[in-house]
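Single-letter residue listing:
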Amino acid sequence: MSLRKQGANNGATTAFLISTPESGVDSISITYALLDPIMTVARPLVAFVTATLAGIAENLLGNSDRNQRIIPDLSCPVDNCCDGQNCDPQTHRRHHTIFEKIKVGVIYAFRDLWQDIAKWFLFGVLLAGFITVLIPDDIFGRYLGSGLSAMLLMLAIGIPLYICATASTPIAAALILKGVSPGAALVFLLVGPATNVASLTVVTGILGKRATAIYLGTIAVSAVFFGLVVDQVYSQMGISAQAMVGQASEVIPLWVQWAAAFLVLALSLKPLYRLLTSHNIRFRRAAATRPGSRAAAAPDSENGLPSAGCGPT
Amino acid sequence: MEFILNVLSESWHLLREASVYIIFGLLVSGLLRVFLNPNTVIRHLGRGRFSSVFKAAFLGIPIPL
């Protein structure tokens, strides 16, 4: 939530809080891999429109209060060598060579970023596997596959669900394969990451109840509206989303796919190991405090951005 | 047992399809974080009722969570 603290107005903060979890370079890239080019464009585009609408609604309807002075966080992203407050931007930019920056960026990507996403993504992949095997092929085609009712069903699933943009993509791919319309899948992809009970609590804390209502209302209405639009686009163009799913990877040689999959798994070992050990510790701590049951009831305080199911546990 | 193997096989298939793109997406995200100057970003955000919202929404699109 550094944006609000830095003095952005409520509307800008709302917009940022919606567009950040709903899309990112990583989830856009995975959407291209597992879904199709239309969804790859639709997802960030609709996220942008939703975020803008919610932000403007907030600024027009909400109570505009204190807008503090803007203090950007300029501290050096490479090694925190300086906080950037006392040197001019030109010098600040030249503290490190381009190679140092690239190195740090790559390390950040594979260590920090993937560490946050890995377990959720693997969970999403497993859940998608279950859906593929467990659910009969024609069930969504016959019931609740498309139209407004399907969108509302996806809203009902997506709003409380705690899942991030990257992890929701394989699940959406499995749903589309089972006959869910691309529009309904888009509703799931938009609402799943942007809303859940935890993130709504955080938003209420930062922006207040009224802003949270605007936030939730805009996300729901715009997701359903654009879901219906996307279904229209597919039917106008005569494209079957079911047939398009996952075609992007066909151009990639099989051995590259295998190598990449093993690399991703190798990168996931550490976060998974951490997940296991941290749960173990928590479990033991809970067991130790059960008689008193006071310490166990105090969870770590949430103070960051709503993590949309991709944050560190 | 066969059920579990089927699930794992489907999951592996999805993972294989996604992996190259995951690596690409992570790399771009990492570089974005190092090269995107927060100074410029915040300055552009400004305070306008509409323009600030527009820019904040746009800024949030590539940022992963």
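You'll find the structure just up there.
Residues numbered from 1 in each chain as written. Chains lettered and ligands numbered in written order. Predicted model: local features only at pLDDT ≥ 70, side-chain atom pairs only at ≥ 80, totals over all residues.

**Q** Please explain the environment of A:Ala12 as it appears in this structure.
**A** By secondary structure assignment, the location of A:Ala12 is in helix α2 (residues 10-22). We classify A:Ala12 as buried; it has 32 C-beta atoms within 10 Å. It is 27 Å that separates the C-alpha atoms of A:Ala12 and A:Tyr108, two residues lying 96 residues apart in sequence. Those residues within four positions of A:Ala12 in sequence are excluded, and the remaining contacts are A:Gly55, B:Leu45, B:Ser52, B:Val53 and B:Ala56. (Helix = DSSP H or I, 4+ residues; strand = E, 2+ residues; numbered from the N terminus. Buried ≥ 20, exposed ≤ 12 C-beta atoms within 10 Å, placed from the backbone. Contact = placed C-beta atoms within 7 Å.)

**Q** Hey, could you run me through the interface of chain A and chain B in this one?
**A** Frequently, the measure chosen for interface size is the accessible area removed from exposure when the parts meet. Contacts between the two partners involve 70 residues from chain A and, on the opposite side, 48 residues from chain B. Every element with two or more residues in the side of chain A that touches chain B is listed here: α2, α3 (25-34), α4 (37-61), α6 (98-134), α9 (165-177) and α14 (254-289) of chain A. Ranked by residue count, the leading element in the side of chain A that touches chain B is α6(A), at 17 residues. Within the side of chain A that touches chain B, the residues separate by chemical class into 47 nonpolar, 20 polar and three charged. (Nonpolar A, V, L, I, M, F, W, Y, C, P; charged D, E, K, R; others polar.)

**Q** For this particular structure, what's the right way to read helix α12 (residues 209-237) of chain A?
**A** Three- or four-residue spacings in an α-helix give side chains the same orientation, since the helix completes a turn every 3.6 residues. Across its 29 residues, α12(A) extends 42 Å between first and last C-alpha, which sits within 8% of the 42 Å expected from 1.5 Å per residue. Two residues or fewer past α12(A), A:Gly238 is found with a positive phi of approximately 65°. (Expected span 1.5 Å × (residues − 1).)

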